[in-house]
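The primary structure of each chain is shown beneath.
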Amino acid sequence: MAFPAKKLIGDPINVVTEFIDGLVETYPGLQYLDGFPQVKVVLRADVPYATYDKVAVISGGGSGHEPTHAGFVGEGMLTAAICGDVFSSPPVDSILAGIRAVTGPMGCLLIVKNYTGDRLNFGLAAEQAKSEGYKVETVIVGDDCALPPPRGIAGRRGLAGTILVHKVAGAAAAAGLSLADVAAEAKSASEKVGTMGVALTVCTLPGQVTSDRLGPGKMELGLGIHGEPGAAVADLQPVDVVISHVLKEILSTETNYVPITRGGRVVLMVNGLGSTPLMELMIVAGKAVPKLQLEHGLAVDRVYTGSFMTSIDMAGFSISIMRADPPILQRLDAATKAPYWPVAVDGNRPPAKIPVPVPPSPSAKSDEPRSRPLQLNEQGQILEAAIEAAANAILNLKDSLNEWDSKVGDGDCGSTMYRGAKAILEDIKNYPLNDAAETVSEIGLSIGRAMGGTSGIIYTIFFKAAYAQLKVSSHSGVTSKEWAEALAASIAAVSKYGGASAGYRTLLDALIPALLVLQEKLDIGDDPSTAFLLSSEAALAGAESTKHMQAQAGRSSYVSAEMLSSVPDPGAMAAASWYRAAALAVKEQTHKS
C-alpha cells in the first residue's frame, strides 16, 4: 500500500540547492558557483579560478546519491562536482560552468557513470569545452556486475565502484601527473572494479509516495541507483547467503567483468544505499572478508565500509571489489581532504586479526578456580537453597515482567533478569557455598557475564558491594546482622551509582522497606529467619506501592503517570520476588535443621 513519505524537506523542487547550502556551510573547504537554481556546482574553495596548475578532476550526475558526488570534492579527490536534480543528469550548461571554473592549463578529466543521460550531457559539454580551447579527457565507469554481458548500446551501469576511481584519479592529479596519465590511471582503475547491489526496499523520491513494488519478505538483486527494478527479485535470504551470491556474481569467470583470479589481492568497499544502519554494513563487511579469503582465495588489502553512493533512503547495500595492484593502493592511501572519504583507513591490513587478550584483573587470584565443596555445611545448604529459590522465582516471573515492562519501559526486563537467573543456576555447581562472601562474589560474576543492560550493571554493583561488606568479617560464617549490613551496603552502592533512592520507582522501593524491617526485627531480637520473612513481605508491599509513584529514573521516567499507575515497576517486582523466594527457602531450611 502506497503512503506519503515523511521527509525533512521544504519544497521538493529545492532539495538539491538546500543540500548544497548545508554542505558548504558544514565544510569550509567547499564552495559553490553562483547561479542557483540552474547551476548547481560544488568546487574546492582553494582552487584559483581558471588558473589551477594541476589536472582538474570533475564528476557529477543526478542528486539523491549523497555523499556522492559533492561530498568527495576536496584536495586529493574531486576538484568539482556537477549536481543534477534528483536522479537527473546535470544540464550541459552546468557541466560547462564547472569545467570553466576549475580547469587551468593542465586540463580536466571528466569521470562519468555509464548512464545515457550522463554520457550525452557530459559528452556535449566536453566537446563544447574543447572548442573553447580547454584540454578535456573523459573516462566512463560501468562497474555493474549484475547484468549479463551487454548486447545493446547501454552497457553496464556506473555504481559505487566509481568512488574508488575518483580517489585514484584525484590522487594522480594531486601528484602532478599530466592529463593523459591521470586519465590512463582512472581508466585502468575503472576496468579493475566490479559492483553489485542488493535492495530490501525501494527508495522514495522527494514529494512522492513510497512505492510498494517490493513487498515484504522480498529483496531485489542487481539494482541500479535510481530506484529502477533490479535484475531479479528473490525471497529474502540470510545475510551469509546474500553475500556469497553477490561475491560470486562480481567475480564470475563467465562474465569476466573483473580481472581478478584466485591468489590475487583486492580492495573491498561495502556501501550503504541510504537507510541501512552502520551496524548492518559492518556485519556485511565482517562476513565478506573471510568469504573472499576462504571461498575465493583472495587477499583483502583494504576495506572501506559506509555510505558512499546511496539511493536516497533505500535499504540495502552494494559490494565493490577492485584489484589491488600496488599503484592502486598507493593512490587509495594518498591523503585527501574530501569530507566523506574514510580517511581513518590507511595502510596494509594484517592477514588475520587475532583478538587482543583481555587483560587480567589486578585482583585476580592465581590459585585454582573455585568449585563446590565436597560437603556443604549448614550455612552452605541454606545458601544453596536460597539462591536456587530466588533464581527460579525470576524464571517463573519472566513473562509477567516483560508484560509490565512493555507498558512502562522497553519490554525486556523479564528476558534480562531471566538470563541472569539462568546463569546463576548453571554456575551454582561451582560456587564455594560454604564461604558466603565468595559465593556472593561469584553471583556477581555470573550476572555480569550473562545479564547485560542496565539491570545487569545494577545487580553486579549490588553483589560487588555486598561482597566487599561481607569480606570485612574475618570468620567463615556470616551472622544475620552481617547479612543486613551487606544488604545496606548494596542498597547504598546502587543508590550512589544509579542515582535513585526511595520513591523513584525502582528496585530500591522494594529493597529499602525490606532492609528497614529486617534491621528493626533483628534489633529487637526476633528469630533471623522470621525477620527475613517479615522483611520480604515489606519488599512485596514496597514493590506494589510503585504503582502510585511517578518514575524519576530509568526509561519509565519518560512514561505518563496514567500509564505508570496501571502496573508496578518491573524492577521492583523482580527484586521483591527473588527476595521473598529466598526468605521462604531460608525459613524452610531453618526448620529442617
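Note that the structure is predicted; figures quoted are calculated from it, not measured.

Right, let's talk about the overall build of the chain for a bit. Regarding its fold elements, the chain presents 17 helices and 14 strands. Put simply, the chain has 593 residues, and 50% of those count as buried. Taking all contacts inside the chain whose residues are at least 6 apart in sequence as the whole, residues at least 24 apart take part in 74%. Accessible surface, the chain as shown: approximately 26900 Å² in total, 56% of it carbon and sulfur.

Attention shifts here to the side chain of R44. Tracing the chain through its elements places R44 in strand β3 (residues 41-44). There is a polar contact of 3.1 Å between the side chain of R44 and the side chain of Y52. In contact with R44, other than residues within four places in its own chain, are G29, Y52, V73, G74, E75, G76, L78 and T79.

Before going further, it helps to examine the packing of helix α4 (residues 161-174) against helix α5 (residues 179-190). Taken N-terminus to C-terminus, the directions of α4 and α5 make an angle of 160°; their axes are 9 Å apart at the nearest point. The angle between α4 and α5 places the two elements in the roughly antiparallel class. Helix-helix and strand crossings are classified by hand; for α4 and α5 the assignment is right-handed. Residues V165, V168, A169, A172 and A173 of α4 lie in contact with α5, whose contacting residues are V182, E185, A186, A189 and S190.

Confidence along the chain averages 88 in pLDDT terms, with 89% of residues attaining 70 or more. When the criterion is pLDDT under 50, residues 554-560 qualifies, and its contacts beyond four places in sequence or with other chains add up to 15 contacts.

The next point concerns empty space enclosed by the protein. Summed over all chains, the structure comprises one cavity of 30 Å³ or more. What the largest cavity holds in volume is close to 60 Å³. If you go around the largest cavity, the residues you meet are L159, A160, G197, L223, G224, I225, N271, L273, M309 and S318. In the lining of the largest cavity, the residues fall into six nonpolar, four polar and no charged.

This part is about the pattern of salt bridges. Scanning all chains against the criterion turns up 23 salt bridges. Salt bridges sharing partners connect three or more residues here, namely K192, R323 and D325.

On to the layout of surface pockets. The gaps of empty space that remain are located by a probe, the size of a water molecule, rolled over the atoms. Approximately 1100 Å³ is the volume attributed to the largest pocket. Lining the largest pocket are 42 residues, with L383, A386, W483, F532 and A582 sitting closest to its centre. Among the residues forming the lining of the largest pocket, the class breakdown is 32 nonpolar, eight polar and two charged.

The next point concerns the packing of helix α11 (residues 436-450) against helix α12 (residues 453-470). Interaxial distance between α11 and α12 falls to 8 Å at its minimum, and their mutual angle equals 165°. Taken together, the axis directions place α11 and α12 in an arrangement best described as roughly antiparallel. Relative to α12, α11 is oriented so that their crossing is left-handed. Each of A436, A437, E438, V440, S441, I443, G444, L445, I447 and G448 in α11 lies in contact with α12, whose residues at this interface are G456, Y459, T460, F463, K464, A466, Y467 and L470.

Here we take up the sheet that holds strand β11 (residues 232-235). Pairing between the strands of a sheet is mediated by backbone hydrogen bonds and can be parallel or antiparallel. The sheet built from six strands is open, its strands ordered β11-β10-β8-β14-β12-β13 with mixed pairing. With one partner strand each, in any of the chains shown, β11 and β13 (299-306) form the two edges of the open sheet. Geometrically, the sheet is characterised by an average inter-axis angle of 20° between neighbouring strands, direction not taken into account. Where strand β12 (residues 265-272) and β13 come together, seven bridges link them in parallel fashion. Residue V267 lies in a different strand from β13, and its bridge partner there is R302. Contacts from helix α8 (residues 326-333) reach β12, β13 and β14 (316-323) within the one sheet, and its direction differs from that of β13 by about 30°.

Here we come to the packing of aromatic side chains. Taken as a whole and judged by the stated rule, the model has eight aromatic pairs. The interplanar angle of 65° and the centroid separation of 6.3 Å between the aromatic rings of Y459 and W578 together place this pair among those described as edge-to-face. Within this pair, whereas Y459 is found in helix α12, its partner W578 is found in helix α17 (residues 570-592), the two being separated by 119 residues in sequence. Here the two residues Y459 and W578 agree in accessibility, since each one is buried. When the centroid spacing of 6.1 Å and the interplanar angle of 55° are considered together, the rings of W578 and Y579 count as tilted. Comparing W578 with Y579, the two get one shared label, buried. Taken together, Y459, F462, F463, F532, W578 and Y579 form an aromatic cluster joined through their ring pairs.

With that out of the way, let us pick up α4. The end-to-end C-alpha separation of α4 is 20 Å, in line with the 20 Å expected for 14 residues at 1.5 Å each. Along α4, 13 of the 14 residues are buried, which leaves the element largely enclosed by surrounding structure. Positive phi appears at G176, one or two residues downstream of α4, with a value of about 90°.

Along strand β8 (residues 193-199), seven of the seven residues are buried, which leaves the element largely enclosed by surrounding structure. Bridge count between β8 and strand β10 (residues 218-221): two bridges; the pairing is antiparallel. Across the sheet, residue A199 finds its bridge partner in β10, namely E220.

What follows is about helix α14 (residues 508-523). Between its first and last C-alpha atoms α14 spans 22 Å; for 16 residues at 1.5 Å apiece the expected length is 22 Å, and the two agree. Among the residues of α14, L508, D509, A510, L511, A514, L515, V517, L518 and L522 are the ones counted as buried. Next to the buried residues of α14 lie α12, α13 (480-498), α15 (528-545) and α17. At the exit of α14 stands G525, carrying a positive phi of roughly 90°.

Right, let's talk about a negative patch on the surface for a bit. On the surface, D11, E18, D21 and E25 cluster together into a patch of negative charge. Structurally, the position occupied by D21 is in helix α1 (residues 15-26). In this structure D21 comes out as partly exposed when scored by relative accessible area, which is 31%.

Time to look at the environment of S577. By secondary structure assignment, the location of S577 is in helix α17. In this structure, the C-alpha to C-alpha distance between S577 and I394, residues 183 residues apart in sequence, is 7.1 Å. Among all residues touching S577, those that are not within four sequence positions of it are A393 and L397.

Peptide bonds are, in most cases, trans, and in most cases residues other than glycine have a negative phi. Note the cis peptide between E66 and P67, where omega equals 15°. Here P67 is to be found in the loop between β4 (56-63) and β5 (80-86). That bond from T68 to H69 is cis: its omega, 5°, falls within 30 degrees of zero. Non-glycine residue F87 carries a positive phi angle of around 60°. With respect to the helices and strands, F87 occurs in the loop between β5 and α2 (92-102). Among the residues examined, F87 registers a relative accessible area of 19% and is labelled buried. Unlike most non-glycine residues, R505 shows phi in positive territory, near 65°. Tracing the backbone through its elements, the reader meets R505 in the loop between α13 and α14.

Quick notes on the rules
- Numbering of residues starts from 1 in each chain and follows the order in which that chain's sequence is written.
- Where totals are concerned, whole chains, interfaces and linings use all residues; where local detail is concerned, this predicted model gives features only for residues with pLDDT of at least 70, and gives and counts side-chain atom pairs only at 80 or more.
- Excluding hydrogens and water, the side-chain values take into account all heavy atoms of the structure.
- Secondary structure is summarised from DSSP: a helix means a run of H or I of at least four residues, a strand means a run of E of at least two, and numbering begins at the N terminus for each.
- Three exposure classes are used, based on accessible area relative to the maximum for each residue type with a 1.4 Å probe and protein chains only: buried under 20%, partly exposed in between, and exposed over 50%.
- Throughout, a residue-residue contact means that at least one pair of heavy atoms, one from each residue, lies within 4.5 Å.
- Per-residue accessibility takes into account occlusion by the displayed protein chains alone, with areas from the Shrake-Rupley method and a 1.4 Å probe.
- A 3.5 Å cut-off defines polar contacts: any pair of N or O atoms within that distance qualifies, except that in protein one atom must be a possible hydrogen donor and the other a possible acceptor, and neighbouring residues in sequence count only when both atoms are side-chain atoms.
- With axes taken as lines fitted to C-alpha atoms, and helix axes fitted only over the stretch in contact, angles between N-to-C directions fall between 0 and 180 degrees.
- Angles are sorted into four bins: roughly parallel if under 35 degrees, roughly antiparallel if over 145, roughly perpendicular if 65 to 115, and oblique for all others.
- By definition, turning the near helix anticlockwise from the far helix through less than a right angle yields a left-handed crossing, and turning it clockwise yields a right-handed one.
- As a per-residue measure, pLDDT tells how confident the predictor is, with possible values from 0 to 100.
- In this analysis the probe radius is 1.4 Å and the grid spacing 1 Å, with only protein atoms considered; a cavity is a set of points the probe fits into but cannot get out of, a pocket is an open set with protein on both sides within 12 Å along at least five of seven lines, and lining residues have an atom within 4 Å of a point.
- Grid points are joined across faces, edges and corners, and a volume is the space filled by probe spheres set on the points.
- Each residue is assigned to one class: nonpolar for Ala, Val, Leu, Ile, Met, Phe, Trp, Tyr, Cys and Pro, charged for Asp, Glu, Lys and Arg, and polar for all the others, Gly among them.
- Only one rule defines a salt bridge in this text: a Lys or Arg side-chain nitrogen within 4 Å of an Asp or Glu carboxyl oxygen.
- Two strands are counted as paired when DSSP detects at least two bridges linking them.
- For Phe, Tyr and Trp, rings pair up if their centres lie within 6.5 Å, where Trp contributes its six-membered ring, and each pair is then called stacked (planes under 30 degrees apart), edge-to-face (over 60) or tilted (otherwise).
- Expected helix span is given by 1.5 Å per residue-to-residue step, counting one fewer step than there are residues.
- Surface patches are drawn from residues lacking salt bridges whose relative accessible area is over 30%; two like charges belong together within 9 Å, two nonpolar side chains (Val, Leu, Ile, Met, Phe, Trp, Tyr) within 5 Å.
- Charged residues are defined here as Lys and Arg on the positive side and Asp and Glu on the negative side; His and the ends of the chain fall outside this count.
- A charge is said to be at NZ when it belongs to Lys, at CZ for Arg, at CG for Asp and at CD for Glu.

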